[in-house]
Amino acid sequence: MIGDPVSRVDGRLKVTGAARYSAEWPIDNLAYGVIVQSTVAKGMITAFDTEHARSSPGVVAVYTADNAPALPDKGRAAMKPPAGRELSLLQDRAVRYNGEPIGLVVAEKFEQATHAASLVRAQYESHTPLIDMQSALPSAYPYKPNINGSFPPATQRGDLAAGLAAADARIDATFTAPIETHNSMEPHNTIAQWDGDQLTLYDSTQFVYGVKRFIAKIFGIPEANVRVISHFTGGAFGSKGAPWSHVVLAAMAARALNRPVKVVLTRKQMFGLVGARPHTVQHLKLGARKDGTLTAMEHRSISSTSSFEEWVEPVTLATRLMYACSNQQTAHELVRLDVGTPTFNRGPGESSGIFALESAMDELAVKLAMDPIELRLRNYAERDPESGLEWSSKSLRQCYSLGAERFGWSRRRAEPRSVRDGDAFVGIGMSSATYPARRAPASALARLMPDGMIVVQAATHELGTGTYTIMTQIAADALGVPIERVRFELGDTRLPENPISAGSLTAQSTGTAVHLAAVALHDKIAAMRGDVTTIVSARDLVTRGGGQPIEARADAKPGDEQKAFSMHSFGAIFAEVRVDASLGTVKLSRMLGAYGVGRILNPKTARSQMIGGMIYGLGMTLTEDTLLDARTGRYLNADLAEYLVPVNADIPEIDVMFMDERDPQTNPLGTKGIGEIGCVGVTAAIANAVYNATGVRVRDLPITLDKILGHTSFAD
Amino acid sequence: MDDPNRREFIGTVVTTALASVLAPGTARADAASPHSPPGAPPPTLTPPPDIPVALTVNGTTVRLTLDPRTTLLDALRESMHLTGSKKGCDHGQCGACTVHLNGRRVLACLTLAVMAQDQPVTTIEGLARGDTLHPMQQAFIDRDGLQCGYCTPGQIMSAVALLNEPCGPADDDVRECMSGNICRCGAYPNIVAAVQDVRTATARG
Ligand code: FES
Ligand code: FES
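Every residue gets a number counted from 1 within its own chain, in the order that chain's sequence is written. Throughout, the order in which chains and ligands are written sets their labels, letters from A for the former and numbers from 1 for the latter. Per-residue local features of the predicted model are confined to residues with pLDDT of at least 70, and side-chain atom pairs are confined, for both listing and counting, to 80 or more; whole-chain, interface and lining totals are unaffected and use all residues. Hydrogen atoms and water are omitted, and side-chain values are computed over all heavy atoms in the structure.

1. Considerations on the overall build of chain B
Then step 1. Where helices and strands are cited, they refer to DSSP runs of H or I of at least four residues and of E of at least two residues respectively, numbered from the N terminus. For chain B, the count of helices and strands is 6 helices and 5 strands.
Then step 2. Starting at the N terminus and walking to the C terminus, you meet the elements of chain B as α-β-β-α-β-β-β-α-α-α-α.
Then step 3. Note on exposure labels: buried denotes an accessible area under 20% of the residue type's maximum, exposed denotes more than 50%, and partly exposed covers the range between, all computed with a 1.4 Å probe on protein chains only. Within chain B, buried positions represent 49% of all 205 residues.
Then step 4. Of the contacts made within chain B by residues no fewer than 6 positions apart, 52% connect residues no fewer than 24 positions apart.
Then step 5. Element-wise, carbon and sulfur atoms account for 56% of the exposed surface of chain B, whose accessible area totals about 9600 Å². Any pair of residues with heavy atoms lying within 4.5 Å of one another is described as a contacting pair. Areas reported as accessible are Shrake-Rupley estimates using a 1.4 Å probe. Residue values count occlusion only from the protein chains shown.

Written out as structure tokens, the structure reads:
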């Protein structure tokens, strides 16, 4: 039941090819839409030439700003930051980044639409774009709104200058990271089908209800007229959190043509059109006494956004709560580039921010000649230093100690370049990790069916996170039946409303609703003196009650506990690298994540989640870099051969430990959510290991061989 | 600086090479079209008419009428509704579309449907025997070698093909042999474990 390492209940569907992703619904009379993209980064379109495309065989329609159906408020009706989603909906002729959608070609067949899309020509009055982050830095300006609606953009506690003055050792360093593109394996896609004024969208999304509301607003139609279905999403990592242009374009064309239209992005179109982690330039100042006590921390982040929307990477939030330091300032600034708008990407904010903070802590440990874990323990935050609140639970101390023990931290040699194995320098490093434990309102319906099965429904999502499996376990546990008796249904706006599956929300929010609905059903059955432990007795019960399903619904909301406690997950990451002494190549050879992330519902899928997060972090650390031509704004490596996500050969043994933690405050189940934290801390752990191996401190991601080879400390 | 003559030479080679692989009627395709100055006229290119294609997939022969540009992957997914084979990149860079052609793994997105005629194609849908999963499918479930599942059919088709390939015995060998299949969810360690389970069982069996 809960806590058992159950194999995925949707495993069979996934290994047989029967799991249906959104582009795979068989729909009659389907037409194919292919997006046409701009070839300049900034300017106005002065003319379209669509003649050749229109007369190309099989073409049903070609939409551009010249003839696209007009949307209420020019398509801006649903714009609401953060992750604002000011989309490209063919309502005007402005071009704001290279590759921006400027047209949609619809044809009978995919091949015909693809070919015809290549025939559309646009003329531009184009302007010089601002693409390069470094040269844009002077234009940085403070970000003013609250971050994610709730966190102040800048904070100050104590007296930073005094704290720095009182320090025996100081660190002052700048850390940079490039744009990181999500690249879920399933490209974004939508099938839009109208039946009169009713719209059905089969969409690859993390938020069916969000898509429903957004699309209703964009088209100015009642929400009740939109249904969104998403039974399986082939990876998302934040990039499918809200709809992008293609969803609206598919629906727009389907309405105008009165036939269903499918739009699937190409891999290349996943660069720029659907968000990414932005550039960050982080400035870190730390001050500490000889004994390691932090006297001052300053963390300023500049991140990039697009020219038309403000989206801020919440970089310094983790710094505010990580260590007990009374003098601290944090701030966020933005620069506007002529690129697509960024968005949430796995461990948004924490993944970037912890890189800088935990690298700087490592530098401080070197300066103080202290063990890095010792330094962290010296500044251990026994309560949230920002809010002053108690933690709902925190096992970071155990993460450090048990993780260190299992990893063999005590064998680490503090002196860089002191371990050599054949051609390689070997080094180990560590980092702390944290991510907020958040919860949102959620609802679920549990029904005992006439066939004796228990069907539990909640409009949440399966992104690979194991939602089908853990929700089945939660319901079966509450009802005291084996999981085979429970079927969990999700991904349909006809089911009870649930929040976005992002920010590690699902296990907490939907999990609680499913638990409460199942408990309510259990109580209802008990009140009827029923017994559902066998399928026969369950069937009898329904028959006795008149044959209608017996059901119970739960609407679960977080309460005052959210204000009374500070709720966060924590972890410690350990990495070992081997750096080739003559080539400077970095190979991760071992990694361990030790986590205090609340109650683990399913250790098998949870372990996979953490490993997946760590591998995502590995890509961010060593290989991923979205390259843009500074003159044209064109994405230079917009494919999977040149944008390097980790492959199997990059991955060594990865070990995961979960602390025995059941949070008494977060929710009745004691979970905290685990989707994001796996990616956090990996970058600093590896960067610190590279330093330990080579004596080279790389503060600029990704850590590629040129940054090591070219360094004076590396000369052999 | 680029030597202009060298550039021209490369341009010529590319254009000629492209012209020679494209079907008749496409010779005037402009190889430089994606980089044409804005407003340049589009290339004139008359797509060829549909042609009959017979595919034998998972033991069943199906006759289709396809645009000759149709890839095996799109024929499977869009015309035959065999959507188990996935499209991750359409460029031979991710492995999501891996199927077996004559028992060997190929990338269905890099194989035109017409090229796959007269050869048996096996997809993920054809791997199980009735209700009995192929041992590799079962091993992926047991070892949790999947998360979102989108790369999974391709991973499994590669893994099954690997059993008959000269892949070394070590985990590192498997990692190398499976590196044509990208998994963004990061199921790699569990995939290696699944493959090794099946190899050990097969060796014993
Ligand atoms: S879809 Fe064929 S290799 Fe990616
Ligand atoms: S399981 Fe999601 S990409 Fe591999």
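Now, onward.
2. Some details on the sheet that holds strand 4 (residues 94-95) of chain A
Residue and element names in this part refer to chain A.
Then step 1. Strands are labelled as partners when DSSP assigns at least two bridges between them. Here 3 strands make up an open sheet; going across it, the order is 4-2-6 and the pairing antiparallel. One side of each edge strand has no neighbouring strand; the edge strands of this open sheet are strand 4 and strand 6 (121-126).
Then step 2. The pairing of strand 2 (residues 43-49) with strand 4 spans 2 bridges and is antiparallel. Residue pairing for strand 4: Gly43 is matched across the bridge by Val95.

3. Describing the packing of aromatic side chains
Then step 1. Pairing of aromatic rings covers Phe, Tyr and Trp, the last counted by its six-membered ring, and requires centre-to-centre distances within 6.5 Å; plane angles under 30 degrees mean stacked, over 60 mean edge-to-face, and any other angle means tilted. According to the stated counting rule, one finds 15 aromatic pairs over all chains in the structure shown.
Then step 2. Plain terms: the ring middles of Phe232 of chain A and Tyr468 of chain A are 5.3 Å apart, the flat faces sit at 40 degrees to each other, and that makes the pair tilted. Taken together, the positions of Phe232 of chain A in the loop between strand 12 (226-229) and helix 7 (245-257) and Tyr468 of chain A in helix 12 (residues 467-479) put the pair 236 residues apart, joining distant regions of the chain. For the pair Phe232 of chain A and Tyr468 of chain A, one class covers both residues: buried.
Then step 3. By way of ring pairs, the aromatic residues Tyr21, Phe232, Tyr468 and Phe488 of chain A together with Tyr150 of chain B are connected into one cluster.
Then step 4. The criterion is that NZ of a Lys, or CZ of an Arg, lies within 6 Å of the ring centre and within 35 degrees of the ring normal, and then a charge sits over that ring. Above the plane of the ring of Phe407 of chain A lies Arg590 of chain A, whose end atom (NZ or CZ) is 3.9 Å from the centre.

4. Focus: the pairing of strand 13 (residues 261-264) of chain A
Residue and element names in this part refer to chain A.
Then step 1. Bridge count for strand 1 (residues 31-37) against strand 13 is 3 bridges, and the pairing is parallel. When the sheet's bridge partners are listed, Tyr32 is paired in strand 13 with Lys262.
Then step 2. Across 4 bridges, the pairing between strand 10 (residues 189-195) and strand 13 is antiparallel. Within strand 13, the position partnered with Asn189 by the bridge is Val264.

5. Overview of the packing of helix 3 (residues 135-142) of chain B against helix 4 (residues 152-162) of chain B
Residue and element names in this part refer to chain B.
Then step 1. Fitting a line to C-alpha atoms yields each axis, with helices limited to the stretch in contact; the angle taken between N-to-C directions then spans 0 to 180 degrees. The N-to-C vectors of helix 3 and helix 4 enclose an angle of 125 degrees; their axes lie 10 Å apart at closest approach. As summarised for this structure, helix 3 and helix 4 are arranged oblique, according to the angle between their axes. Helix 4 is crossed by helix 3, and the crossing has right-handed handedness. The residues of helix 4 that touch helix 3, namely those facing Met136, Gln137 and Phe140, are Thr152, Gln155, Ile156, Ala159 and Val160. For classification, angles of less than 35 degrees are called roughly parallel, those exceeding 145 degrees roughly antiparallel, those between 65 and 115 degrees roughly perpendicular, and all remaining angles oblique. By the definition used in this description, the sense in which the near helix is turned from the far one sets the handedness, with an anticlockwise turn below a right angle giving left-handed and a clockwise turn giving right-handed.

6. A look at the pattern of salt bridges
Residues and elements named next belong to chain A.
Then step 1. One side-chain nitrogen of Lys or Arg within 4 Å of one carboxyl oxygen of Asp or Glu is enough to make a salt bridge. Tallying each qualifying case throughout the model produces 45 salt bridges over all chains.
Then step 2. Note that Glu576 is salt-bridged to Arg590, the shortest N-O span being 3.3 Å. With Glu576 in strand 25 (residues 568-580) and Arg590 in strand 26 (residues 586-596), this residue pair connects regions lying 14 residues apart in the sequence.
Then step 3. The exposure class of Glu576 is buried, given its relative accessible area of 15%.
Then step 4. Look at Arg590 and you get partly exposed, because its relative accessible area is 25%.

From the geometry alone we can't say anything about function, so treat these as descriptive.
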